[in-house]
2 protein chains.
Amino acid sequence: MRREEMSGTDHQNSETAATLGTLATPALLLDVHRLDRNLVRLSSRMAERGVVLRPHMKTAKSIDVTRRAYPSVSGPITVSTLAEAEYFARHGFRDMTYAVGLAPHTAERVMRLRKAGVDLKVLLDSPEQARMLGAAGRAAGVTPTAFIEIDCDGHRGGLTADDPKLIAVAVALGEAGVELAGVLTHAGESYSLFTPEALFAAAENERAVAVAAAEALRAAGHQCPIVSVGSTPTAHFAEDLTGVTEMRAGVYMFFDLVMHGVGVCTTDDIAISVLATVIGTKPEKGWILVDAGWMALSRDRGTAAQRVDHGYGLVCDVAGNLYPDLIVSQASQEHGILAIRPGSAHALPNLPIGAKIRILPNHACATASQHELYNVVSAGGDAIHARWPRMRGW
Amino acid sequence: MRREEMSGTDHQNSETAATLGTLATPALLLDVHRLDRNLVRLSSRMAERGVVLRPHMKTAKSIDVTRRAYPSVSGPITVSTLAEAEYFARHGFRDMTYAVGLAPHTAERVMRLRKAGVDLKVLLDSPEQARMLGAAGRAAGVTPTAFIEIDCDGHRGGLTADDPKLIAVAVALGEAGVELAGVLTHAGESYSLFTPEALFAAAENERAVAVAAAEALRAAGHQCPIVSVGSTPTAHFAEDLTGVTEMRAGVYMFFDLVMHGVGVCTTDDIAISVLATVIGTKPEKGWILVDAGWMALSRDRGTAAQRVDHGYGLVCDVAGNLYPDLIVSQASQEHGILAIRPGSAHALPNLPIGAKIRILPNHACATASQHELYNVVSAGGDAIHARWPRMRGW
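For every chain, the first residue of its written sequence is number 1, and the numbers climb from 1 along that sequence. For this description, chains carry letters from A and ligands carry numbers from 1, given in the order in which they are written. Given that the model is predicted, a residue must reach a pLDDT of at least 70 before its local features are reported, and side-chain atom pairs must reach 80 or more before they are shown or counted; all residues, however, enter totals for whole chains, interfaces and linings. Derived side-chain values reflect all non-hydrogen atoms in the structure, with water molecules and hydrogen atoms excluded from consideration.

In the nomenclature of an unreviewed UniProt entry, chain A is known as D-serine deaminase, pyridoxal phosphate-dependent of Bradyrhizobium shewense. UniProt positions are given in the numbering used here, feature names are shortened, and annotations may be inferred rather than shown by experiment. Per UniProt, chain A has the following entry under Sequence similarities (unreviewed entry): "Belongs to the DSD1 family."

K.L.:
How do you make sense of the overall build of chain A when you look at a structure like this?
P.N.:
For the purposes of this entry, the term helix denotes a DSSP run of H or I that reaches at least four residues, the term strand denotes a run of E that reaches at least two, and both are numbered from the N terminus. Assigned secondary structure in chain A consists of eleven helices and 17 strands. Computed over C-alpha atoms, the radius of gyration of chain A comes to 22 Å, within 12% of the 21 Å expected from 2.2 N^0.38 for 394 residues, which places it in the range of a compact globule. Projected onto its principal axes, the C-alpha coordinates of chain A cover approximately 70 × 50 × 35 Å. Buried residues in chain A amount to 64% of all 394 residues. Note on areas: these come from Shrake-Rupley sampling with a 1.4 Å probe, and a residue is covered only by the protein chains present in the view. When the accessible area of chain A is evaluated, it comes to approximately 13100 Å², of which 55% is carbon and sulfur surface. Considering chain A, the positive charge centre built from 37 side chains and the negative charge centre built from 42 side chains are found 4 Å apart. Computation of the radius of gyration draws on C-alpha atoms, with the globule rule given as 2.2 Å multiplied by the number of residues to the power 0.38. Type-normalised accessible area, obtained with a 1.4 Å probe on protein chains alone, sets the label of each residue: buried when under 20%, exposed when over 50%, and partly exposed for intermediate values. Note that His is not counted, nor are the chain ends; the positive residues are Lys and Arg, and the negative ones are Asp and Glu. Here the site of a charge means NZ on Lys, CZ on Arg, CG on Asp, or CD on Glu.

K.L.:
So what exactly am I meant to see when it comes to unusual backbone geometry here?
P.N.:
Residues and elements named next belong to chain A. Backbone torsion omega between Thr-25 and Pro-26 reads -5°, so that peptide bond is classified as cis. Mapped onto the fold, Pro-26 is located in the segment before β1 (27–31). Of note, the phi angle at Phe-255 is positive, near 60°, even though the residue is not glycine. Positionally, Phe-255 belongs in the loop between β9 (246–249) and α9 (257–262).

K.L.:
Looking at this model, I keep getting lost on the domain arrangement of chain A. Mind explaining?
P.N.:
Where interface size is given, it is often the accessible area lost as the parts come together that is meant. Where a domain begins and ends is set by an automatic assignment or by a domain database. Considered domain by domain, chain A is made up of domain 1 (3–29 + 264–389) and domain 2 (94–249). Centre-to-centre separation of domain 1 of chain A and domain 2 of chain A, based on C-alpha positions: 37 Å.

K.L.:
It is not clear to me how the sheet that holds strand β2 (residues 52–55) of chain A should be interpreted in this structure. Could you clarify?
P.N.:
Pairing between sheet strands relies on hydrogen bonds along the backbone, with the strands arranged either parallel or antiparallel. Residue and element names in this part refer to chain A. The eight strands lie next to each other as β2-β9-β8-β7-β6-β5-β4-β3, forming an open sheet whose pairing is parallel. Each having just a single partner strand, β2 and β3 (77–79) make up the two edges of the open sheet. Taken over all neighbouring pairs, the strand axes of this sheet differ in orientation by 30° on average, direction set aside. Pairing between β2 and β9: four bridges, direction parallel. Residue pairing for β9: Arg-54 is matched across the bridge by Arg-248. We call two residues contacting when some pair of their heavy atoms lies within 4.5 Å. To get an axis, a line is fitted to the C-alpha atoms, and for a helix only the part in contact is used. The angle between two axes follows their N-to-C directions and goes from 0 to 180 degrees. Sitting on the sheet, helix α5 (residues 127–140) is in contact with β4 (95–101), β5 (119–124) and β6 (145–150), with an inclination near 150° to β5. Only strands that DSSP links by at least two bridges are regarded as paired with each other.

K.L.:
Explanation requested: the UniProt feature "domain: D-serine dehydratase-like" (unreviewed entry) in chain A in the structure shown.
P.N.:
The positions that UniProt labels "domain: D-serine dehydratase-like" (unreviewed entry) are, in the present scheme, residues 271–378 of chain A. Taken as a whole, residues 271–378 of chain A contains 8% helix and 41% strand, while its terminal C-alpha atoms sit 10 Å from one another.

K.L.:
How should the interface of chain B and chain A be read in this particular structure?
P.N.:
Counting residues at the interface gives 60 residues for chain B, matched by 61 residues for chain A. Two parts placed together each lose some accessible area under a 1.4 Å probe, and the buried area is that loss summed for both. Of the roughly 5400 Å² buried at the junction of chain B and chain A (both faces included), carbon and sulfur atoms supply 52%. Polar contacts, as used here, are pairs of N or O atoms within 3.5 Å; protein pairs need one atom able to donate a hydrogen and one able to accept it. Residues neighboring in sequence count only if both atoms are side-chain atoms. Joining chain B to chain A, the criterion identifies 24 residue pairs in polar contact (both at pLDDT 80 or more). Elements supplying a minimum of two residues to the side of chain B that touches chain A: β4 (95–101), α4 (104–115), α5 (127–140), β10 (272–282), β11 (287–290), α10 (294–297) and α11 (364–368) of chain B. Considering every element that reaches the side of chain B that touches chain A, the biggest residue donor is α4 of chain B, with four residues. Residues are sorted three ways: Asp, Glu, Lys and Arg are charged, Ala, Val, Leu, Ile, Met, Phe, Trp, Tyr, Cys and Pro are nonpolar, and all the rest, Gly among them, are polar. Within the side of chain B that touches chain A, the residues separate by chemical class into 20 nonpolar, 23 polar and 17 charged.

K.L.:
Honestly, the side chain of Asn-38 of chain B in this entry has me stumped. Any pointers?
P.N.:
Residue and element names in this part refer to chain B. Among the secondary structure elements, Asn-38 is positioned in helix α1 (residues 32–49). The buried category is assigned to Asn-38, whose relative accessible area is 2%. Discounting residues that sit within four places of it in the chain, Asn-38 has contacts with Tyr-252, Met-253, Phe-254, Phe-255, Asp-269 and Ala-271.

K.L.:
Honestly, the pattern of salt bridges in this entry has me stumped. Any pointers?
P.N.:
Opposite charge on two side chains permits them to pair, given that their charged atoms come into close proximity. Residues and elements named next belong to chain A. Salt bridges, as used here, are contacts in which a Lys or Arg side-chain nitrogen is within 4 Å of a carboxyl oxygen on Asp or Glu. The tally for this structure, following the rule as stated, stands at 42 salt bridges over all chains. Two residues, Arg-37 and Asp-269, come together in a salt bridge whose shortest N-O distance is 3.1 Å. Pair noted here: Arg-37 is in helix α1 (residues 32–48) and Asp-269 is in the loop between α9 and β10 (272–282), with a separation of 232 residues, a long-range link. Taking the shortest distance from any N to any O, the salt bridge between Asp-325 and Arg-341 comes out at 3.2 Å. Here Asp-325 is found in strand β13 (residues 322–331), whereas its partner Arg-341 is found in the loop between β14 (336–340) and β15 (356–360), with 16 residues between them in sequence. Residue Asp-325 is classed as partly exposed on the basis of its relative accessible area, which comes to 25%.

K.L.:
Can you help me understand the nonpolar core in this one?
P.N.:
One recurring pattern in soluble globular proteins: nonpolar side chains tend to sit buried together. Within this scheme, the nonpolar core is defined by two criteria: the residues are buried Ala, Val, Leu, Ile, Met, Phe, Trp, Tyr or Cys, and they are joined through side-chain atoms within 4.5 Å. In terms of nonpolar packing, the biggest core is built from 262 residues, with Phe-254 and Tyr-374 of chain A together with Phe-254 and Tyr-374 of chain B touching the most fellow members. The contact partners of Phe-254 of chain A, leaving out residues within four places of it in the chain, are Leu-30, Leu-35, Asn-38, Thr-59, Ala-60, Val-65, Asp-269, Ile-270, Ala-271, Ile-272, Ala-364 and Tyr-374 of chain A.

K.L.:
Help me understand the confidence of the model for chain A, please; the structure alone is not making it clear to me.
P.N.:
Detailed reading of predicted coordinates is not advised where the pLDDT is low. The predictor attaches a confidence to each residue, called pLDDT, with possible values from 0 through 100. Here chain A averages 95 in pLDDT, and 96% of its residues register 70 or above. Between residues 1–16 of chain A, whose pLDDT stays under 50, and residues either more than four places distant or in other chains, the model counts 41 contacts.

K.L.:
Sorry, what's going on with the side chain of His-105 of chain A here?
P.N.:
Mapped onto the fold, His-105 of chain A is located in helix α4 (residues 104–115). At 3.2 Å, the side chain of His-105 of chain A and the side chain of Thr-25 of chain B are in polar contact. If sequence neighbours within four positions are ignored, His-105 of chain A has contacts with Ala-24, Thr-25, Thr-277 and Asp-291 of chain B.

K.L.:
What is the right way to read α4 of chain A from this model?
P.N.:
For an α-helix, the turn length of 3.6 residues means that residues three or four places apart are oriented alike. For α4 of chain A, which comprises twelve residues, the first-to-last C-alpha distance of 17 Å matches the rise-based estimate of 16 Å (1.5 Å per residue) to within 8%. Listed in full, the buried residues belonging to α4 of chain A are His-105, Thr-106, Ala-107, Arg-109, Val-110, Met-111, Leu-113 and Arg-114 of chain A. For α4 of chain A, the secondary structure elements touched by its buried residues are α3 (82–90), β4, β5, α5 and β6 of chain A together with β10 of chain B. Gly-117 of chain A sits one or two positions beyond α4 of chain A and adopts a positive phi of about 95°. To estimate the expected span of a helix, count its residues, drop one, and scale the result by 1.5 Å.

K.L.:
Explanation requested: the packing of aromatic side chains in the structure shown.
P.N.:
When we look at a pair of aromatic rings, we describe it by the centre distance and by the angle of the planes. Each aromatic pair joins two rings of Phe, Tyr and Trp (for Trp, the six-membered one) with centres within 6.5 Å, and gets the label stacked for planes under 30 degrees apart, edge-to-face for over 60, and tilted for any other angle. Enumeration according to the criterion identifies ten aromatic pairs over all chains in this entry. Each ring, one from Tyr-87 of chain A and one from Phe-88 of chain A, has its centre 4.8 Å from the other, and the planes form 90°; the classification is edge-to-face. Of the two residues, Tyr-87 of chain A and Phe-88 of chain A, both sit in the buried class. Whether a charge sits over a ring depends on NZ of Lys or CZ of Arg being within 6 Å of the ring centre and within 35 degrees of the ring normal. For the cation-ring pair, Arg-301 of chain B lies above Tyr-312 of chain B, with the distance from its terminal atom to the ring centre recorded as 5.6 Å.

K.L.:
Quick question: what am I supposed to make of the relation of the copies chain B and chain A here?
P.N.:
The pair of chain copies shares a relation made of a rotation about an axis and a shift along it. Copies overlap after least-squares fitting; the atoms used are the C-alpha atoms of residues with pLDDT of at least 70 in both. Superposing chain B onto chain A takes a rotation of 180° plus a shift of 0.0 Å along the axis, which leaves an RMSD of 0.0 Å. Expressed as an axis order, the relation between the two copies is that of a two-fold axis. Proximity to the rotation axis, assessed at the C-alpha, singles out Arg-299 of chain B in chain B; its C-alpha lies 2.5 Å from the axis. The overlap is high: 100% of the interface residues of chain B also sit at the interface in chain A, so the same surface is used on both sides.

Structural data, given as structure tokens:
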């Protein structure tokens, strides 16, 4: 049995009863009501604009979460690893984009999926990769399909819209027998913004650069059917999407404190949290010790670079109500230290040993990846409705 | 089948051939020669001093790694989660310390292991926990055994040696029918040191505080058989261990860049690394893009607070030879950006798409936890000798 298909009842925590009060901690909670609300928010936004939403599975890595977005059809998705592509292919998904630059060993693995009927599109930005992909396609007897990666904000890889290499890559794809899917860009720098004006501008820049690249390719005689953009901040701030055909986003399903700092969500929109138990107190230091350290929360300190630093997370009671200014100020592997945010006049709450709390994470992708499964809850309720396994690996 | 007992051949990467050249990336490598050398270094050091070494399994989380330390006997170990305790119990280990403060739900689970014949000792620092543990023991019909946690440097939990609560906890244990195993402390602040003098002093302080606490308990009429200390830095710098009966350490098996920065190891001692593949280049920015981001490396930036900041890791060629001043300067989920360290006169090496590199991690515990298994290699060799699964969860 593959581990990602392992049912919740086989899991090592299966002896725990299905309520928040008795769940072994630390444990990852997913509020399905907030998840559904977040999914509808962005899918409605894209439907209004006539743009395909291709959700990025790098955050959730779970067929059960994906089925909330696609209850009946297995629509377009984005994946961050080939293990994700293989997992979702086993669950019936056929239209995927692998949004990480191509390497020789991944080209071969992609061809195996294409041969099995999965329309898995890949990403590249060099003639070398185009030739490598063409060779892998010929060896497997299938036609590969690739996006050219466009760099809209200097964040990572890709070519600028006016780089002469753009046309050279398109030519190399044609010569190598690879179909050009279109252009793909990601406004990764939007994560460091925090005003609506800057976010509107980042979204418009992402759109304009992607469309300019597509137009440059078309002017040179290349088909460029898909113009794919996306990041959770720009997806929620883009007003005009003229020329864009699809939007990619992942963390929007769960949201997190970094997205709250950017201004894309409220803390009430954050759908995942880590349930923890108080295991000690140090009143003389203003500390409460809990059993969620960085192994349960991740080492992500994304809010450290934002206007409000939440340490390793913001603390709520077991029902999800925030304690004023209570954060996870330090984390070792299996210990978290709760303290009142520096400068706050609020007092440390009285939490005895054994008390349970919830921690809202800085970065949903990183925190969720520390866990085997989601314990599914509904707003305010104590019951665990389901346990949804996550997949991992590459 | 439990997932930690899953054999390597069932794994999703099983189709890859067993050499570094063909291994799918990113992948975790473990150099068994360095592992063995690190194990012998500390075990010899403790044997010379007549102190029991109780290795901490929080770093390796693998029976195969543990069997390099204990090839024939199942000796004393430390664990950081009850899932680790249950895993090692299934593999025949009977003498364990769970070195995280006790909570009500963990007390019950500990009693199930004790009832099954595992001498699992727990940690606490309050009369409430003593009473809770006693109640769990009575409910299960077994006698619990507990350490009192001692705070030697203000790092986390525990009582100072002169805290009157120390005797109150020992009394509460006696009244609750719990056996006092002894005292346990951890010089967690030693991780922020970097001179031999400071490390010698931290080790002596750790020893002196633990022994003072044991003496205070004995003077009040309590048995205190075990005096347990430990952190990887103090374990390697302690000269006199008079009064100490056991040493705990975990990261010493693998070492990492943080331990190198502290001064406990050389980069040649670091036994784990992440194999990655070049997927793009941005020569105009001085960047090489690889397929190992924070999902493969972890978000740990432990060297950021040290004298030399290694970003997300230090880069070697596929055989393990360091490229001068080449670090992972940025990481997103599945992308790493390699760049020359700021201020260095070294040039970016010429690494084409498809080239493989190894990345030495900041923090072995955090990086290893991002992976399903260890690909076991020997110094300089290309062959993968074995694939050792890791366990995870709580």
